[in-house]
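# Descriptive structure summary
Each chain is listed here by its residues.
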Amino acid sequence: MAMAAAAAARLRLLSSGFLSPAASRMRHSSSRHGFRTLSTLSTTLGSGAGEDEIERIRREFEDAKRNYLSIPVAIKDMAKMNPQGIYVNKNVKLDDLQVYGFDYDYTLSHYTEHLQCLIYDLAKKHLVNELKYPESCLKYEYDRNFPIRGLYYDRLKGCLLKLDFFGSIEPDGCFFGRRKLSLSEIKELYGTRHIGRDQARQLVGLMDVFCFSEACLIADTVQHFVDAKLEFDASYVYEDVNQSIQHVHRSGLIHRKILSEPQKYLIKNSQVFRFLKMLREKGKKLFLLTNSPFYFVNGGMSYLLEDEHFDGNSWRELFDVVIAQANKPTFYNSDHPFRVYDTQKDTLAFTAVDKFLPNEVYYNGCLKSFLQITKWRGPEVIYFGDHLLSDLRGPSKAGWRTAAVIRELEDEIDIQNGDSYRFQQAKLSIIHDLLGKVHATVVSTEKGQVYRALLDELNSERRQCRSAMRDLFNSSFGATFLTDTGRESAFAYHIHQYADIYTSKLENFLSYAPESWLHPPHDIKIMPHNAKAC
């Protein structure tokens, strides 16, 4: 806290107009500790006996605006978050972990932006050619600037929604097709911003990276019907688009296309191999559990690791168990038996699987049989995946430790560490503190106009700050982990619920000693009354 204290001291000399900010609760919210020190700065503007409270607050506001330029000086030495860090929801002792499990797509492998365009185009063609949607739908193209992860689609009303931690619609996060709805339209459509339990049943979560293309195609399809002035059922749009997306995956179209041009779609990364090899050298057990077919995983891993040198002949030697087409999340609560997959004949054996043999590949199966065969206890197993529901919810409930790999985390932390974001965040903290004082002030009827004028000015300033911060992220939905109001998003809620730890990529673990004890920061609290004593 020394740097933050020094920054606070400098700012105290520069200005007495700064007020305490509201601390962000997510680990990657930038300058969490630094902004908290601003609460120690002087705001004593000298309120003499009988001074009008509203006038005093207005003078504080005017002083703060004059001293906005002092903010960069005060925050420039404040600590920043690590874009390659590991962030912790629940204590994890790496020394206690003996078994490491991995998903394949967007965990061991990562893809270029070309993949989302490919999925979108193949699904769009399926909509037109097989489901007989109008050929005019073919004119649409994937827009990488439109979707973010963690959106919800309302199958009843046809809206794409961004929700906050408590299930309320973000004021600037509701789209009908490609048109953003105003707050008044949201309230007219939903009655309130909060999504009730009955309404929640109509929502479909779009939680993994593959959902980017799905969200964009849903919005474009809705927009097509709106532009053509055609009646449509929003639930049919979801069913048809989802069916088309699933067809792209299950038919193998996407797999064959990727393997035909791996250099276009796959991102090589030798650091992943270093991480896996390090785990093997330390005696850890490794397993691969993926929904993808083996030929696709084999082709991808062979390409990704073709420049690495193995003691043997195959990437499979890195893993004690390889399971493909696992059918997650059904894998975690079904009784499906494991089948041995013949990699040469592309057939499944009929013999029962009661043990996992080296160099064999297994299909299907279930968690119950997996634990019976391996005898691996829950707390010593950690599973890495990118899909919070399909990959991590089941293992979390089964007692495994869980790790979410979220590529967007690194980019968003970089933005939050930037001067532009930190400057607006500090301004917003000042405005929030002043708004709190205004709301706590009781005014007489004759002072009502003055009260309302100040309130309107502060709210206008707050909107400008939020807009400036939002524009640094996705132009349609803003940040993935935070809403414009500063609350954590519903996506962040799922991270908190199902991921013991989360990071942007696997190789970030190379920066941590194998015996590290990962624990949440002691000053992070979910309940607002559990404030840290400073």
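Residues numbered from 1 in each chain as written. Predicted model: local features only at pLDDT ≥ 70, side-chain atom pairs only at ≥ 80, totals over all residues. Heavy atoms only, no water.

## Let's talk about the pattern of salt bridges
- Per the stated rule, a full pass over the model turns up 30 salt bridges.
- A salt bridge links Lys437 to Glu60; its shortest N-O distance comes to 3.2 Å. A residue pair is termed long-range when its members are at least 10 positions apart, and Lys437 in helix H17 (residues 419-439) and Glu60 in helix H3 (residues 53-66) qualify at 377 residues.
- Classification of Glu60 by relative accessible area gives buried; the value is 2%.
- Each member of the salt-bridge network shares a partner with another, and the members are Glu53, Arg56, Glu60 and Lys437. (Salt bridge = Lys/Arg side-chain N within 4 Å of Asp/Glu carboxyl O. Helix = DSSP H or I, 4+ residues; strand = E, 2+ residues; numbered from the N terminus. Buried < 20%, exposed > 50% of the residue type's maximum accessible area, 1.4 Å probe, protein only.)

## A word on the UniProt feature "binding site: Mg(2+)" (unreviewed entry) in the protein
- Per the UniProt record, "binding site: Mg(2+)" (unreviewed entry) is annotated on Asp103 and Asp386. These annotated residues cover 284 residues of sequence, but their C-alpha atoms sit close together, with the largest distance between any two at 7.7 Å.
- If you trace the backbone, Asp103 turns up in the loop between strand S3 (99-102) and helix H5 (114-129).
- Note on Asp103: relative accessible area 6%, which makes it buried.
- Checked against the element boundaries, Asp386 lands in the loop between strand S14 (381-385) and helix H15 (388-398).
- Owing to a relative accessible area of 4%, Asp386 belongs among the buried residues under this scheme.
- Every residue in contact with Asp386, bar those within four places of it in the chain, is listed here: Asp103, Asp105, Tyr106, Thr107, Arg149, Met207, Asp208, Val209, Asp391 and Val405. (UniProt positions renumbered as here; feature names shortened; annotations may be inferred. Contact = heavy atoms within 4.5 Å.)

## Things to note about the environment of Asn417
- As for its placement among the helices and strands, Asn417 is situated in helix H16 (residues 408-417).
- Accessibility expressed as a relative area gives 9% for Asn417, which makes it buried.
- For Asn417 and Met81, which are 336 residues apart along the polypeptide, the C-alpha to C-alpha distance reads 6.8 Å.
- In this structure the side chain of Asn417 is engaged in a polar contact, spanning 2.7 Å, whose partner is the backbone oxygen of Met81. (Polar contact = N/O pair within 3.5 Å; in protein donor to acceptor, adjacent residues only side chain to side chain.)

## Quick notes on the pairing of strand S11 (residues 338-342)
- Inspection of the sheet shows S11 paired to strand S13 (residues 361-364) by four bridges, in the antiparallel sense. Counted as the bridge partner of Tyr341 is Val361 from S13.
- Across two bridges, S11 lies against strand S12 (residues 347-348) in antiparallel orientation. If you follow Asp342 over to S12, its bridge partner there is Thr347.
- Connecting the antiparallel pair S11 and S12 is a turn made up of four residues, with Asp346 showing a positive phi of about 60°. (Pairing = 2+ DSSP bridges.)

## Focus on the side chain of Ser168
- Among the structural elements, Ser168 can be located in the loop between strand S5 (159-163) and strand S6 (169-176).
- Of the residues examined, Ser168 reaches a relative accessible area of 11% and is grouped as buried.
- With near-sequence residues (within four places) excluded, Ser168 lies in contact with Lys162, Leu163, Arg193 and His194.

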